[in-house]
Amino acid sequence: MKKRIFIIIISVCLVLFSLNFSYAVEPEEVLENQKQETRARNISKNIRCMVCQNQSIDESNSPLAKDLRILIRSKIKEGDKDFEIYKFLTDRYGDFILLKPPLKSSTLALWFLPFVFFIIGILIVYSHNRKSKKN
Amino acid sequence: MKKKLLIIPFILFLSVLFTLFYLLIIDRNPSKLPSNLLDKKVPNFETKSLFKNENFISSNEFGNEIILVNFFATWCKPCRNEHVYIKRFSEEKGIRVVGINYKDDTNNTIEWLKNLGNPYSDIPIDKNGNIAIDWGVYGIPETFIVNSNSIIKYRHVGPITKEMYKKINSLIEAME
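Every value quoted in this text rests on a predicted model; they were computed, and no experiment measured them.

Reading the values: rules and limits
- Residues numbered from 1 in each chain as written.
- Chains lettered and ligands numbered in written order.
- Predicted model: local features only at pLDDT ≥ 70, side-chain atom pairs only at ≥ 80, totals over all residues.
- Helix = DSSP H or I, 4+ residues; strand = E, 2+ residues; numbered from the N terminus.
- Rg over C-alpha atoms; globule rule 2.2 N^0.38 Å.
- Buried ≥ 20, exposed ≤ 12 C-beta atoms within 10 Å, placed from the backbone.
- Pairing = 2+ DSSP bridges.
- Contact = placed C-beta atoms within 7 Å.
- Nonpolar A, V, L, I, M, F, W, Y, C, P; charged D, E, K, R; others polar.
- Axes fitted to C-alpha atoms, helices over the stretch in contact; angles between N-to-C directions.
- Parallel < 35°, antiparallel > 145°, perpendicular 65-115°, else oblique.
- Left-handed = near helix turned anticlockwise from the far one by under 90°.

### Here we look at the overall build of chain A
- What chain A contains, in helices and strands, is five helices and zero strands.
- Shown N-terminal to C-terminal, the secondary structure of chain A runs as helices and strands in the order α-α-α-α-α.
- For chain A, whose C-alpha radius of gyration is 22 Å, the value lies well above the compact-globule estimate of 14 Å for 135 residues.
- Based on the C-alpha atoms only, the size of chain A along its principal axes is roughly 70 × 50 × 30 Å.
- A total of 135 residues make up chain A; the buried ones form 16% of that total.

### Concerning the pairing of strand E7 (residues 152–157) of chain B
- Summarising the sheet, strand E6 (residues 142–146) of chain B and E7 of chain B pair through five bridges and their orientation is antiparallel. The residue of E7 of chain B that forms the bridge with Val146 of chain B is Ile152 of chain B.

### Digging into the interface of chain B and chain A
- Contact with chain B, which involves 14 residues of that partner, is made by 15 residues of chain A.
- For the side of chain B that touches chain A, the elements supplying multiple residues, two or more each, are helix H1 (2–26) and helix H5 (130–134) of chain B.
- Its residues placed into classes, the side of chain B that touches chain A shows eight nonpolar, five polar and one charged.

### As for the environment of Cys49 of chain A
Residue and element names in this part refer to chain A.
- Its location among the elements puts Cys49 in the loop between helix H2 (34–46) and helix H3 (63–77).
- Residues Cys49 and Ala65 lie 16 residues apart in sequence; the distance between their C-alpha atoms is 5.7 Å.
- Every residue in contact with Cys49, bar those within four places of it in the chain, is listed here: Gln55, Ser56, Ile57, Ser60, Ser62 and Ala65.

### Quick look at the packing of H2 of chain A against H3 of chain A
Residue and element names in this part refer to chain A.
- In the contact formed by H2 and H3, the axes pass within 10 Å of each other and the chain directions differ by 135 degrees. When the axis of H2 is compared with that of H3, the two are oblique. Our pair here, H2 against H3, has a crossing hand that is right-handed. Packed against H2, whose contacting residues are Gln36, Arg39, Ala40, Ile43 and Ser44, the element H3 presents Arg69, Ile72, Arg73, Ile76 and Lys77 at the interface.
- Of the residues that constitute the contact of H2 with H3, the class distribution is four nonpolar, two polar and four charged.

### Some words on unusual backbone geometry
Residues and elements named next belong to chain B.
- With an omega of 0 degrees, the peptide bond between Ile140 and Pro141 qualifies as cis.
- Checked against the element boundaries, Pro141 lands in the loop between H5 and E6.
- Phi at Asp39 is positive, roughly 65 degrees, even though this residue is not glycine.
- Structurally, the position occupied by Asp39 is in the loop between H1 and strand E1 (46–47).
- With 10 C-beta atoms counted inside 10 Å, the residue Asp39 sits in the exposed group.
- Positive phi outside glycine occurs at Ser150, with the angle close to 65 degrees.
- The residue Ser150 is located in the loop between E6 and E7 in this model.

Laid out in C-alpha cells, this is it:
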C-alpha cells in the first residue's frame, strides 16, 4: 500500500514538473497572429533573462525581460527571421543571453565531454562483463 | 596489468574534474557581467533631447572627444547616490557626460536635476528602454566610457562609488 502511494506521489510530481506552467507573457503582449506568437514564445524560451540569469525571458517578470519580449514580437511583426533576432540579441548581450551555449571551438569540451565519458563508461562495463564471463 | 589500465579512465576523469573546478574558481566570477559592446562602435540612435528642441542624433555627438554615457532615472535610488560623482566628472574634470534618461517621467527628471544639479551636456530620452537594449544594458545605473573614435572602451554596471570614480578617472587619463 505504502509503495503504491509513493508511486502515485512520484508520478504526480513528474507530471507537474514536466508541464511548463510558469510564463510571464502578459495579455497585451500576445500577438494576434498565432504562428507569429508561437515563434515569439519559442525564441523567448531560449533567451536568458539577464537580470535573473537562471530564467528565460518567457518566465521572468523583470522589466528587461518584458522589454525583450516586446522587442522580439515587434521584430517578428517587422518580418525579421529567427536567426536575425538571435543575432540582434547576441550582438548586444553576447552568447551569454542564449540559454543553450552555441557549438564553438571554446565550447567543444562542454558539448562533447559527456559523450566521451559515456563511451569510456561503456568500455569499462564491457571489459568488466567480459572478464566476469571468463571467470 | 588490466587492473592497472582501469585506473586510467579514473585518473582522466579526476583530472578533468579538477580542471573544471579550477576554471570555475579562477576564471569565472559570477558577479562579473559579460559585455559584448566593448571595443565596438556606439550604437546609432536618434531620440528627443530633454532640454533641447532638436533631436539627439548619436552619430553627430560621438567621435570628437571622450564622452561618459550614464543611464539614469529619477526612480532609481542608486542613480541618486552616484549623482555626486557624475557631477564631479563634469565639474571638476571637465569630462562631457551624456545622461540617457531611462523610462522616466520628464517632469520628475526636470525637478530632480533642478534639486541635485545637472551635470549632463545632453539628455537623450529613452522612453521605452530600447536605447538601453541597444547598449546591452542590464539595469540602471550603468556608465560607459566612449573614446574620441566613438568606440566603447569601458562599461560599469551599478552606481559609481568613490573607488569607481578614481578608476574611471585614471582610465580616462590613460586614454587622453
